[in-house]
Amino acid sequence: MIQTTSTLQNVKYNKKLSIQFGLNGLSFCVLDTLNQKILALESMPFDKKCNPYEALERLMHYFDARMYLQDKFDEVLVMHENNLSTLVPNTIFNEAYLADYLKFNSKILQSDHLSFDGLEFENCKNVYVPYVNANNYIYDAFGSFTYKHFSTVLIETLLKKEQKNTNGSTLYIHLGYKHFEIVAVRNAKLQFYNTFEYNNVQDFAYYTLFTVEQLGYDTETIPVALIGKAIAEDEYYKILYKYIRHVSISKNQNSFNIDNTDTEYSNFTILNSF
């Protein structure tokens, strides 16, 4: 379920804040809801993978250092970015067995808090481990906020985009810092989702081509769309194009007024979180 803590609030500030919190980096985005304008957008990759306590310290540092994070907001969203998640069909989902769903493909601790999101375009739940220390800090700072897993936003955005493509398949690759996600959509339905950690372009190519093979796609015909921090000049695009005929870079498609043109191809999940 999408978790929300609430307090009574009658004042309108006409601003929303979205935070993407992970062990490899942080992102912040502020939206002016009156003018549909992005007022602030920052992504800060860490120099090394942190543990949750180190990541929280960095989150606290940025809140002290960035004045725009100390404003008042009508809504605050925290997206937890990690590989501790799994999709469970509604037909077998039972809230009492969240740990059982996760333990098959994620290393979880008995003390971990578990949560789940419902997916708008699919009859399934996204079960995951949120970072409770980050949630507690945001609650102390703002009181009312919502949290979900970042892959919920990613999958829902891509499924919404594919609603008219009811007779075709597309393989989306969301390239992040030290990790990437593959989302396969066939006939406007989710066929596959997984996340992979990578250290170099060879890791990236291996996991991608293995997934293409396992899904039975033809490298001569399957359209592959890169999203996230991919650009046509980089080695990740070039190595895919070496083995797959139809590779494209997908732009962010939203109606927000953004001064920074670099966001055409980056910050995909946080820009689609509003």
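Read on for a plain summary of the structure. Predicted model, so just to flag it, every value in this text is computed and none were measured. Each chain has its residues counted from 1, following the order in which its sequence is written. The predicted nature of this model means local features are confined to residues of pLDDT at least 70 and side-chain atom pairs, given and counted, to a pLDDT of 80 or more, with totals for whole chains, interfaces and linings taken over all residues. Only hydrogens and water are removed before side-chain values are computed, so all heavy atoms of the structure are retained for them.

1. Describing the packing of helix H1 (residues 52–65) against helix H3 (residues 132–142)
Right, on to step 1. Geometry is summarised by axes, namely lines fitted to C-alpha atoms with helices restricted to the contacting stretch, and by angles between N-to-C directions that run from 0 to 180 degrees. For helices the rule is a DSSP run of H or I covering at least 4 residues; for strands it is a run of E covering at least 2, with both sets numbered from the N terminus onward. The geometry of H1 relative to H3 is characterised by a closest axis approach of 9 Å and an angle of 25 degrees between their N-to-C directions. With respect to H3, the element H1 is oriented roughly parallel. In this structure, H1 meets H3 at a crossing whose hand is right-handed. Contacts between H1 and H3 involve Pro52, Tyr53, Leu56, Leu59, Met60 and Phe63 from the first element and Asn133, Ala134, Tyr137, Ile138 and Phe142 from the second.
Right, on to step 2. Each residue belonging to the contact of H1 with H3 can be placed in one class, and the counts come to 10 nonpolar, 1 polar and no charged. In this scheme, roughly parallel covers angles under 35 degrees and roughly antiparallel covers those over 145, while 65 to 115 is roughly perpendicular and the rest are oblique. Note: crossing handedness is left-handed where the near helix turns anticlockwise from the far helix by less than a right angle, and right-handed where it turns clockwise. Only heavy atoms enter the contact rule, under which two residues are in contact if any of them lie within 4.5 Å. When residue character is reported, Ala, Val, Leu, Ile, Met, Phe, Trp, Tyr, Cys and Pro are called nonpolar, Asp, Glu, Lys and Arg charged, and the others, Gly included, polar.

2. Notes on the nonpolar core
Right, on to step 1. Side-chain atoms within 4.5 Å link the members of a nonpolar core, which is a set of buried Ala, Val, Leu, Ile, Met, Phe, Trp, Tyr and Cys residues. Per-residue accessibility, obtained with a 1.4 Å probe over protein chains only, is compared with the maximum for each type, and a residue is labelled buried under 20%, exposed over 50%, and partly exposed between these values. Of all hydrophobic cores here, the largest spans 28 residues; its most connected members are Phe28, Leu59, Phe63 and Ile138.
Right, on to step 2. At the level of secondary structure, the elements contributing two or more residues to this core comprise strand E2 (15–22), strand E3 (25–32), strand E4 (37–45), H1, strand E5 (75–81), H3 and strand E9 (145–149).
Right, on to step 3. Ranked by residues supplied to this core, first place goes to H1 with 5 residues.
Right, on to step 4. Ignoring any residue separated from it by four or fewer positions in sequence, one finds Leu59 in contact with Ile19, Phe21, Leu26, Phe28, Ala134, Tyr137 and Ile138.

3. Some points on the packing of aromatic side chains
Right, on to step 1. Stacked, tilted and edge-to-face are the three classes applied to pairs of Phe, Tyr and Trp rings, where Trp contributes its six-membered ring and a pair requires centres within 6.5 Å; stacked means planes under 30 degrees apart, edge-to-face means over 60, and tilted covers the rest. Enumeration according to the criterion identifies 20 aromatic pairs in this entry.
Right, on to step 2. Measuring from centroid to centroid gives 5.3 Å for Phe204 and Tyr236, while their planes differ by 90 degrees, and the two rings are edge-to-face. Linking Phe204 in helix H5 (residues 201–214) with Tyr236 in helix H6 (residues 235–243), this pair joins segments that are 32 residues apart in sequence. Take Phe204 and Tyr236: they sit in the same class, and that class is buried.
Right, on to step 3. Site record: aromatic cluster; members linked through ring pairs are Phe180, Phe196, Tyr198, Phe204, Tyr206, Tyr207, Phe210 and Tyr236.
Right, on to step 4. Charge over a ring is defined by NZ of Lys or CZ of Arg lying within 6 Å of the ring centre and within 35 degrees of the ring normal. Over the ring of Phe46 we find Arg58, and its NZ or CZ is 4.6 Å from the ring centre.
Right, on to step 5. Geometry around Tyr177 places Lys178 over its ring, the cationic atom sitting 5.9 Å from the centre.

4. Side note on the sheet that holds strand E11 (residues 179–186)
The strands making up a sheet are joined through hydrogen bonds of the backbone, oriented either antiparallel or parallel.
Right, on to step 1. Pairing is mixed in the open sheet, where 5 strands are placed in the order E12-E11-E10-E13-E14. Each end of this open sheet is capped by a strand with a single partner; those strands are strand E12 (189–197) and strand E14 (246–249). On average, each strand axis in the sheet is tilted by 20 degrees relative to the strand beside it, whichever way the strands run.
Right, on to step 2. Against the sheet, helix H4 (residues 150–161) contacts strand E10 (169–175), E11, E12 and strand E13 (223–228), and its axis sits at roughly 140 degrees relative to E12. Any two strands are treated as partners once DSSP identifies two or more bridges connecting them.

5. Re the side chain of Asn126
Right, on to step 1. Counting through the fold element by element, Asn126 comes out in strand E8 (residues 124–128).
Right, on to step 2. Residue Asn126 is classed as buried on the basis of its relative accessible area of 1%.
Right, on to step 3. Whenever a nitrogen or oxygen atom comes within 3.5 Å of another N or O atom, the pair is scored as a polar contact, on the condition that within protein one atom can donate a hydrogen and the other can accept it, and that pairs from neighbouring residues in sequence are kept only if both atoms are in side chains. In this structure the side chain of Asn126 is engaged in a polar contact, spanning 3.0 Å, whose partner is the side chain of Thr152.
Right, on to step 4. Once residues within four sequence positions are removed from consideration, Asn126 is found in contact with Ser85, Thr86, Leu87, Ser115, Phe116, Asp117, Leu119, His149, Ser151 and Thr152.

6. Some thoughts on the sheet that holds strand E7 (residues 115–118)
Right, on to step 1. Strands sit in the order E6-E8-E7 across an open sheet of 3 strands; the sheet is antiparallel. Edge positions in the sheet fall to strand E6 (85–89) and E7, since each has one partner strand and no second. The average angle at which neighbouring strand axes cross in this sheet is 25 degrees, direction not considered.
Right, on to step 2. For E6 and E8, the ladder comprises 5 bridges, and the chain directions are antiparallel.

7. Structural notes on the packing of H5 against H6
Right, on to step 1. Across the interface, H5 lies against H6 with an axial gap of 10 Å and an inter-helix angle of 40 degrees. The pairing of H5 with H6 is recorded here as oblique in orientation. Where H5 crosses over H6, the two elements pack in a sense that is right-handed. On H6, the residues touching Val201, Phe204, Ala205, Thr208 and Leu209 of H5 are Glu235, Tyr236, Ile239, Leu240 and Tyr243.

8. Quick word on H4
Right, on to step 1. The span expected for a helix works out to 1.5 Å for each residue beyond the first. Between the first and last C-alpha of H4 there are 17 Å, a value that for 12 residues agrees with the 16 Å anticipated at 1.5 Å per step.
Right, on to step 2. Burial within H4 is extensive, with 10 of its 12 residues counted as buried.
Right, on to step 3. Of the positions making up H4, those classed as buried are Phe150, Ser151, Thr152, Val153, Leu154, Ile155, Glu156, Thr157, Leu158 and Leu159.

9. Overview of the pattern of salt bridges
Two side chains that carry opposite charge are able to pair once their charged atoms sit near each other.
Right, on to step 1. The rule for a salt bridge is simple: a side-chain nitrogen of Lys or Arg has to be within 4 Å of a carboxyl oxygen of Asp or Glu. Evaluated as defined, the whole model comprises 9 salt bridges.
Right, on to step 2. Of the charged contacts, one joins Lys15 and Asp71 as a salt bridge, the two residues approaching to 3.0 Å between their closest N and O atoms. In this pair, Lys15 is assigned in strand E2 and Asp71 in the loop between H1 and E5, connecting sequence segments 56 residues apart.
Right, on to step 3. In this structure, Lys16 engages Glu75 in a salt bridge whose closest nitrogen and oxygen atoms are separated by 3.7 Å. On the criterion of sequence distance, the pair formed by Lys16 in strand E2 and Glu75 in strand E5 is long-range, its members being 59 residues apart.
Right, on to step 4. The exposure class assigned to Lys16 is partly exposed, which follows from its relative accessible area of 23%.

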